[in-house]
Amino acid sequence: MLHSNYLKQLDLQDIVVFLNLLEQRSAKRTAELMNVSQPTVSYCLKRLRSCFDDALFASSQGGLKPTTKAEKIAPYLRMVVESVNRCAEGIGEASPLTERKIWKLCAPEYFELLFLSQALAVLSSAHASNTSLHLERLSRDLPVDRLISGDIDIAIGFGPGYHQMHPELQWQPVLNDEFVCLTSQASLTSEEAMSLDEFCASPQVFPTPWISEKNMVDSWLEKVGRSRNVLVRANGYQACVNIVAAVPSTVAMPARLLPYLRIPQELKVCQPPMGFPSFTLDMVWARSRGQSKDISSLRKLVHDVAGGC
C-alpha cells in the first residue's frame, strides 16, 4: 500500500523521466531519449516534485543538478523499474532456450585482462551461448545505487579496505595478488628487490585503469613518510609497459598480470621494497539480490575463473 495519497498520482513514465533526468542532467536530452515533448518532461517533473515535496533538480551551469533527496530516492525508483521489467520476463514468444541473458558487471582493467577471456571460455564450454557479459569500467566509487536497483549485477573492486562499503551491499574476496616493479633503470638487476630509496628516486609510471583520488601504493608511502616522483599517469597497464620501455622509469604492476602483457626482454622485473602492500580482488553485490539465481550463477563463474588464475 502507498503511504501517501500524493504517490498515487505517479505513473511509471514519471519514474522513468526522473531516472533519465538523473542520468542525462538535461530536460531536452531526456525528451529526445524518451521520444516525448519537453512540456511532457516538465509536467512529469512537476508531478514528481509535488509527490516528493522536493525540487529534486536545480539548474546548475547549463545542466540539472540533483538534490540530496533525489540521490537518496534514486536507488528505490530504479528498483521499481527493474521490478516491472522482471515481471515481464518470460512473457511473449521467447523461450528459455532462445532468450538472451545479459550479466552486467562493473570492473577495473585488471579484471578484463585476467578474467574476461577465461569467463567467456567457461560460458562457451558450458553451452551457455545465449549468455552475454556486459562490462563497464570501474569509476572512482562503487556504483552503489545501480547495484541495489539491479542495473549492475556485480561490481569488482580492490581490497581490503580500498573500496567503501554500504550496509545494503555484501562482498567477498576472490583472489590475492602482489606487486612487482617493472623497470628500465640500468642500475638494477633482474629479480633484485628495489630498496625504498631506489623506488622513490626512480621516475614512476602510474597506471590509472580506474579513476581514484587515492591508491594503495601512495597511501602506503604516505604512512612510511615517503613519496614518489610520478612521471606520467597512463590509462592502461600495457601503455605503462610501453612508456617504461621508452623512458628510464619504473611501474608498480600486479604480478598476476605479467603473462597477459607484452613485456620487452630488456625490462627488468624486480621485487618491490620491503613492506610494499598486497591486495585482494573482491566481488560486491546487493544484499537484497544475493540469493537470486542470476547473482549466484555469476558469482560461481567468477570463482571458477579465479581458481584457474
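What counts as what
Residues numbered from 1 in each chain as written. Predicted model: local features only at pLDDT ≥ 70, side-chain atom pairs only at ≥ 80, totals over all residues. Heavy atoms only, no water. Helix = DSSP H or I, 4+ residues; strand = E, 2+ residues; numbered from the N terminus. Buried < 20%, exposed > 50% of the residue type's maximum accessible area, 1.4 Å probe, protein only. Contact = heavy atoms within 4.5 Å. Areas by Shrake-Rupley, 256 points an atom, 1.4 Å probe, with all protein chains shown as cover. Pairing = 2+ DSSP bridges. Axes fitted to C-alpha atoms, helices over the stretch in contact; angles between N-to-C directions. Parallel < 35°, antiparallel > 145°, perpendicular 65-115°, else oblique. Left-handed = near helix turned anticlockwise from the far one by under 90°. Nonpolar A, V, L, I, M, F, W, Y, C, P; charged D, E, K, R; others polar.

(A) A look at the overall build of the protein chain. Secondary structure summary: the protein chain contains 10 helices and 12 strands in total. A buried classification covers 42% of the 309 residues belonging to the protein chain. Once local pairs closer than 6 in sequence are excluded, the contacts in the protein chain between residues at least 24 apart make up 76%. Split by element, the accessible area of the protein chain, about 16800 Å² in all, is 52% carbon and sulfur.

(B) Here's a closer look at the pairing of strand β2 (residues 63-66). Note: strand β1 (residues 57-60) against β2, four bridges, orientation antiparallel. Bridge pairing links Ala58 to Lys65 in β2.

(C) Representation of the packing of helix α1 (residues 12-24) against helix α2 (residues 27-34). One can describe the packing of α1 onto α2 by two numbers: an axis separation of 9 Å at closest approach and a directional angle of 125 degrees. Of the possible angle classes, the one that applies to α1 and α2 is oblique. As α1 packs across α2, the resulting crossing turns out to be right-handed. Contact residues: α1 offers Gln13, Val16, Val17, Asn20, Leu21 and Gln24, while α2 offers Ala27, Arg29, Thr30, Leu33 and Met34. Here the residues of the contact of α1 with α2 sort into six nonpolar, four polar and one charged.

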